[in-house]
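Structural features, examined
The lines below spell out each chain.
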Amino acid sequence: MANFIFLIGVVLLMSSCGQRPEKTQYEEIVISPEQPKAKGSTTMTDPHAFMKKEVAATKAEPSISWHAPEGWEEVESSGFRLTTFKAGIDEQIMECSIVSLGPAAGDLKANVQRWMGQIELPMPNEKIFTYFMKNLKTTPTQAGKPATLVDFTLLQSFKKPMQPSMMTAIISLDDQTIFVKMTGAGHAIDFHRELFIELVQSIRVKK
Amino acid sequence: MKQLRKNRILKSLSSIKITVICLSLLFILTLWGTIDQVNNGLYLAQERFFNSLIFLIGGYVPFPGARLVLWVLFINLVSASITRLVYRWRQAGIILIHSGLLLFFVAAFVTFHGTEESQLTLSEGEGRNVSANYNQWELSVWEIKKSNKNVFAYPTKNFSVGDRVEFTPHDFSVRIDAYYPNSEAFLAGEGQTSVLVNPSNIQVVKPIPVDKEPERNVPGGIFSVYGTDQKDLRILLYGGENVPAIITKNNKTYAMQLRHKRHVLPFILKLKDFRMEVHPNTEMARSYESLVEVISNDTSREVLISMNEPLRYKDFTFYQASYAMDQFGRELSTLAVVKNSGRLLPYVASLATFAGLLLHLILMAFGGKKR
């Protein structure tokens, strides 16, 4: 028995060295899946084409233009949509569209409630909703009018990052209302938020 | 060797009593651990009974864990091999059996320290050279640029408040102000000013009890960053975010994220196609398989991974684990990745033990008259 206790002591002594965090270094390689191309899109021969490119609205009576954020792929649009983008891989996949409607496109509160229904987000209590609406941020745009940003991730739980979510921007111009809408999982919205705001800021009226 | 055989300490360590005590303890631990996992889950039972040196019964009474017992048994066996075994041809079978048993210990050591379990989720057309650990996390920093990410990371396993970790290549350091292995995150409250930098506007992270299923734990912490363009920079990171915080220094932009620990594969695995068959008239999966391309050193080959046919390549085994579909209809395939550098060792040890038994039987049968 004494031998056994002695042996245990030796083993414990040998393994009692403290462990400190050890740094690791590695190269992470990701091959992105090919994005679907929009019908009629041309092959880009410009060596700088991967950088920001200016895209003009190609629908009937196009009146606005914008800068496509880097890495966002334009795909075929239908209906009222002037354009649609897709970007991201894995949890970060999102879709973003730009729609132009008439100047009377419903009030902000009604639109926000409609969008909440689209992502099945339960209506918060009145106090929270009022606070949310009161604290909506705005950002300047090249169209001369500010865009109101509605970020629904602020109303959602961080414990459910794959929950469907949305971020929208509304620009009320004299003759039209521009809606920019990005949909995806909660953290896809987080991931693309800055580029989304960049896209919104780049919207301008064509002369 | 003769001196070693007479060494008193080695003789004491080779005592058969130690062997019997250790084997009895292993029996108790195996039985106890098997029963305990019913209530506390596989991971906790494994950590408590098998991966620990010592654990406390009821919080007070110490009891040796399987790791300690196996070390003692290993030393006991090595000592016995030196002091008790007779190295003659007639004893070749016994020597081979003991070598096989020692090889089992080596296999257990290599497996314990060399096995990594992780997962790799790919959409069709996507390829990666890293897989994500299920329950271990790391604090990662990389420079945001067009080329591949060059990541510097510290595993969070041994993080404690006040520790300082250096990101030497980028010339800045991070102090851990708070770190919780499992946490809940909250947005800034009404009227609350943002003090901490966070990409999702989280301002509070609170500890919650660690879940017995480690995959459910989501860590969070507050980190002070020194040596960047921003003075007094304090960043709040939450494992559930999946979006990095941004740091700037000398016109360079860096991302910092608390994320699942990454394991690097010495090749790239690209998902070319994912196929799923369902039972007739149901949506229940009957079988699913992933056609992958293994890209390594300018060469590539295609392999089909299905539910019972994993891909074994180098020290890695890829099993078809699950599948999903994203909101745009793209199919995602999840592969369980197991790296085991010593996966052949138990087979070799079994073979050696079996060969030893056979040899000893033959020698005893044909050499019996010489007694």
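Treat the numbers as computed from the prediction; the structure is a model and nothing was measured.

1. Structural notes on the overall build of chain A
- When helices and strands are counted, chain A shows four helices and 12 strands.
- Looking at chain A as a whole, 27% of its 207 residues qualify as buried.
- Of the contacts made within chain A by residues no fewer than 6 positions apart, 56% connect residues no fewer than 24 positions apart.

2. Observations regarding the overall build of chain B
- A count of helices and strands for chain B gives six helices and 18 strands.
- Per-residue burial for chain B yields a buried fraction of 29% across its 371 residues.
- Contacts spanning at least 24 positions in sequence make up 56% of the contacts within chain B whose residues lie at least 6 apart.

3. Here we look at the sheet that holds strand β6 (residues 164–167) of chain B
Residues and elements named next belong to chain B.
- Here we have four strands laid out as an open sheet, ordered β6-β7-β10-β11, and antiparallel in their pairing. The outermost strands of the open sheet, each flanked by one partner alone, are β6 and β11 (233–238). With direction set aside, neighbouring strand axes in the sheet form an average angle of 30°.
- Sheet topology places β6 next to strand β7 (residues 172–180); four bridges connect them, and they run antiparallel. Bridge pairing in β7 places Val165 opposite Val174.

4. Some details on the confidence of the model for chain A
All names here are of chain A.
- Mean pLDDT over chain A works out to 75, with 71% of the residues at or above the 70 mark.
- When pLDDT is averaged over each element of chain A, strand β9 (residues 147–151) comes out on top at 92 and strand β3 (residues 53–56) at the bottom at 36.
- Segment residues 35–60 is flagged for pLDDT under 50; beyond a separation of four residues in sequence, or across chains, it makes 29 contacts in the model.

5. A look at the packing of helix α5 (residues 92–114) of chain B against helix α6 (residues 345–366) of chain B
Residue and element names in this part refer to chain B.
- Taken N-terminus to C-terminus, the directions of α5 and α6 make an angle of 170°; their axes are 7 Å apart at the nearest point. Considering the angle they form, α5 stands roughly antiparallel to α6. The hand of the α5/α6 crossing is left-handed.
- Split into classes, the residues belonging to the contact of α5 with α6 amount to 19 nonpolar, six polar and no charged.

6. Some details on the sheet that holds strand β7 (residues 94–101) of chain A
All names here are of chain A.
- An order of β5-β6-β7-β11-β10-β9-β8 is seen for the seven strands of this open sheet, with the pairing classed as antiparallel. Each edge of the sheet is formed by a strand with only one pairing partner; in this case those strands are β5 (73–75) and β8 (137–139). Ignoring strand direction, the axes of neighbouring strands in this sheet form an average angle of 25°.
- Sheet topology places β8 next to β9; three bridges connect them, and they run antiparallel. Each residue of the ladder has a partner; that of Thr139, found in β9, is Ala147.
- Helix α4 (residues 186–202) contacts β6 (81–87), β7, β8, β9, β10 (164–172) and β11 (177–185) of the sheet and is inclined by roughly 155° relative to β11.

7. Section: the confidence of the model for chain B
- Chain-level statistics for chain B give a pLDDT mean of 87 and a share of 93% at 70 or above.
- Scored as a complex, the prediction yields pTM 0.60 and ipTM 0.74.

8. Structural notes on the pairing of β6(A)
All names here are of chain A.
- Bridge count between β5 and β6: three bridges; the pairing is antiparallel. Bridging from a neighbouring strand, Glu73 pairs with Lys86 of β6.
- Sheet analysis places β6 next to β7, joined by six bridges and oriented antiparallel. Opposite Thr84, over in β7, you have Ser97 as the bridge partner.

9. A few points about helix α3 (residues 16–50) of chain B
Residue and element names in this part refer to chain B.
- The terminal C-alpha atoms of α3, which comprises 35 residues, lie only 23 Å apart, well short of the 51 Å expected from a rise of 1.5 Å per residue.
- At Asn40, α3 shows its largest kink, close to 130°.
- Taken together, the buried positions of α3 are Ile18, Ile21, Cys22, Leu25, Leu29, Ala45, Arg48 and Phe49.

10. Brief notes about the packing of helix α4 (residues 66–83) of chain B against α5(B)
Residues and elements named next belong to chain B.
- Running from N to C, α4 and α5 cross one another at 150°; their axes reach a closest spacing of 11 Å. The orientation of α4 with respect to α5, classified from their angle, is roughly antiparallel. As α4 packs across α5, the resulting crossing turns out to be left-handed. Contacts from Leu70, Phe74, Leu77, Val78 and Ser81 of α4 reach α5 at His98, Leu101, Leu102, Phe105 and Ala108.
- Of the residues in the contact of α4 with α5, the class split is eight nonpolar, two polar and no charged.

11. Points about unusual backbone geometry
- Phi angles above zero are rare outside glycine, and A:Glu120 is one such case at about 55°.
- Take A:Glu120: it is sitting in the loop between α2 (108–118) and α3 (126–134).
- If you check the backbone angles, B:Asp171 has positive phi at about 60° while not being a glycine.
- Inspection of the secondary structure puts B:Asp171 in the loop between β6 and β7.

12. A short note on the environment of B:Ser200
Residue and element names in this part refer to chain B.
- Summarising the element assignment, Ser200 is placed in the loop between β8 (183–187) and β9 (202–207).
- By the C-beta count within 10 Å, which is 24 here, Ser200 ends up buried.
- For Ser200 and Leu237, which are 37 residues apart along the polypeptide, the C-alpha to C-alpha distance reads 9.5 Å.

13. What about the environment of A:Glu28?
- With respect to the element layout, A:Glu28 can be found in strand β1 (residues 24–28).
- When the 15 C-beta atoms within 10 Å are taken as the criterion, A:Glu28 is described as partly exposed.
- Discounting chain neighbours no more than four positions away, the residues touching A:Glu28 are B:Asn129, B:Val130, B:Asn148, B:Lys149, B:Val151 and B:Arg262.

Cut-offs used in this document
- Residues numbered from 1 in each chain as written.
- Chains lettered and ligands numbered in written order.
- Predicted model: local features only at pLDDT ≥ 70, side-chain atom pairs only at ≥ 80, totals over all residues.
- Helix = DSSP H or I, 4+ residues; strand = E, 2+ residues; numbered from the N terminus.
- Buried ≥ 20, exposed ≤ 12 C-beta atoms within 10 Å, placed from the backbone.
- Contact = placed C-beta atoms within 7 Å.
- Pairing = 2+ DSSP bridges.
- Axes fitted to C-alpha atoms, helices over the stretch in contact; angles between N-to-C directions.
- pLDDT = per-residue confidence, 0-100.
- Parallel < 35°, antiparallel > 145°, perpendicular 65-115°, else oblique.
- Left-handed = near helix turned anticlockwise from the far one by under 90°.
- Nonpolar A, V, L, I, M, F, W, Y, C, P; charged D, E, K, R; others polar.
- Expected span 1.5 Å × (residues − 1).
- Bend = angle between axes of the 7 residues up to and from the residue.

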